[in-house]
Structure formats: C-alpha cells, structure tokens
Amino acid sequence: GEWRPSATLIVVERKPVSRSWNSGTSTDTSTSAIFGETSDGIGIYVGMNCTAMIEETDAVKFLYRYNNTPLETIIDTDIKKLVEDRFNIETSKYTSTELGVNKGKIMEAVKEYVIPYFKEYGITITVLGIKEDISYENPEIQKAIDAKFASEQELVIQQNKNEANIAKAEAEAKAMVMLAEAQAEANKLLAE
C-alpha cells in the first residue's frame, strides 16, 4: 500500500497590501499614476492610494478566483486596471474645467464600482482615494491653469485693496462730515 493525504492545507496570505500610484513620469506600472481623459479630450493623471486585504471568511472565494496569486500582483494588475478604467469612464463625463469641483464625485463613483467588484472575488479594499491634485498630460495646459489661477488671485487681492480704500475713504468722509457738523455747531454756539 501507499500513503495518500486525505486533506491539503493551503495557506492564504491575508495581510494588507498598499500601493501609492503617483503622478510623474514613472515607467513602473505598479507605481505610475492613474490616467483619465476629459470629455473635451484632455489627458490627465492623478495619484491615488489603495490598500487591499483578504478577510478570513473570503479566503475560499479568493482561492477559487485567483488560485492563491500574491495580492501584490493582483493590486498591481487587476485592481489598478479596473480603477483606471472606471476613473477614465467617470472623467469622460466632465470637461477639463469641471474636473476640479467634481473630483469627489468621480472618486465616489470609482469606489462604488471597484470595491464591491473585488469583494465578490474575496478581496476587501479598505482604502481607495485620490492623494494628489490632478495633473495634465500636456504641461502647457497646466501652465495655462496656473497662470489663470495666479491672475484670479491677483484680481482678488486688487478687489480687497479697492474695498479697503473705499472703506477708508468713506470713514474719512464721515469723519469730515462729523467735524464740519461739530464746527457748525460750535460756530452757532459762538454766534449765540
């Protein structure tokens, strides 16, 4: 006879794995930023953080779907690709000028799709969020946005100075009127 095992023990590494996908020119796909395109055809990048883990109760689902592939590999490939796909779908709903005020909505829509998707396969995503401001594929666009922001700030500063000057002039005029009234009252009293 021969001995045959009646059971096999498979160990699933369940510790959390984190990734930072950073904007910039990195060619390492595990750390490069998430790309999207606006409805007016402007390419953008954004940095994100992602942390995923396997809950004990989900180990069987994970084994069935991924055959115990390391979670690091899955977060660098499947999770990142789906995040980028959903991010691109969401950013294409907005023009480049609408992105800034809608990035919270965009990220919520990405999370609402991605987190349940991977939960079905035994992966719990605990962190998924934007960690950097949007940067543009074409550096000239970023320069134009920076210039516009700078000119808007200069306008605000000038408006504040103007308002301060007007308030000062009004206060001086009021003081002059009060002084004139007091002088007139004094003259009236002297005349009497």
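Before reading on, note that the structure itself is shown above.
Because the structure is a prediction, the values reported are computed rather than measured.

Draft legend 1. The arrangement of the pattern of salt bridges in detail. Applying the stated criterion across every chain, the model contains six salt bridges. Here Lys119 and Asp58 are joined by a salt bridge, their closest N and O atoms 2.5 Å apart. With Lys119 in helix H3 (residues 99-119) and Asp58 in the loop between strand S4 (48-53) and helix H1 (59-66), this pair connects stretches of sequence that are 61 residues apart. A salt bridge links Glu108 to Lys111, with the shortest nitrogen-to-oxygen separation between them at 3.6 Å. One end of the pair is Glu108 and the other is Lys111, both in helix H3 and three residues apart, which spans about a single turn. The class of Lys111 is partly exposed, set by a relative accessible area of 26%. It is possible to trace a salt-bridge network through shared partners that takes in Asp58, Lys61 and Lys119.

Draft legend 2. A look at the pairing of strand S3 (residues 43-46). Where strand S2 (residues 34-37) and S3 come together, four bridges link them in antiparallel fashion. Directly across from Phe35, in S3, lies its bridge partner Tyr45. With two bridges joining them, S3 and strand S6 (residues 135-136) adopt antiparallel strand pairing. In the sheet register, Ile44 faces S6, and the bridge partner there is Tyr136.

Draft legend 3. Here's a closer look at the packing of aromatic side chains. Here the structure, examined in full by the defined rule, presents five aromatic pairs. Pairing Phe62 with Tyr66 gives two aromatic rings, centres 5.7 Å apart and planes at 35°, and the pair type is tilted. Here Phe62 pairs with Tyr66, and both are found in helix H1, just four residues apart, close to one helical turn. Since its relative accessible area comes to 9%, Tyr66 is described here as buried. With a centroid separation of 5.0 Å and 75° between ring planes, the pair formed by Tyr117 and Phe118 is classed as edge-to-face.

Draft legend 4. The arrangement of the packing of helix H2 (residues 71-91) against H3 in detail. The contact between H2 and H3 brings their axes to 9 Å, and the two run at 140°. Viewed along their axes, H2 and H3 adopt a mutual orientation that is oblique. Like other packed secondary-structure pairs, H2 and H3 cross with a definite hand, here right-handed. Facing H2, whose interface residues are Asp78, Ile79, Leu82, Val83, Arg86, Phe87, Glu90 and Thr91, H3 presents Leu99, Ile106, Ala109, Val110, Tyr113, Val114, Tyr117 and Phe118.

About the cut-offs
- Residues numbered from 1 in each chain as written.
- Predicted model: local features only at pLDDT ≥ 70, side-chain atom pairs only at ≥ 80, totals over all residues.
- Heavy atoms only, no water.
- Salt bridge = Lys/Arg side-chain N within 4 Å of Asp/Glu carboxyl O.
- Helix = DSSP H or I, 4+ residues; strand = E, 2+ residues; numbered from the N terminus.
- Buried < 20%, exposed > 50% of the residue type's maximum accessible area, 1.4 Å probe, protein only.
- Pairing = 2+ DSSP bridges.
- Phe/Tyr/Trp six-rings, centres within 6.5 Å; stacked < 30°, edge-to-face > 60°.
- Axes fitted to C-alpha atoms, helices over the stretch in contact; angles between N-to-C directions.
- Parallel < 35°, antiparallel > 145°, perpendicular 65-115°, else oblique.
- Left-handed = near helix turned anticlockwise from the far one by under 90°.
- Contact = heavy atoms within 4.5 Å.

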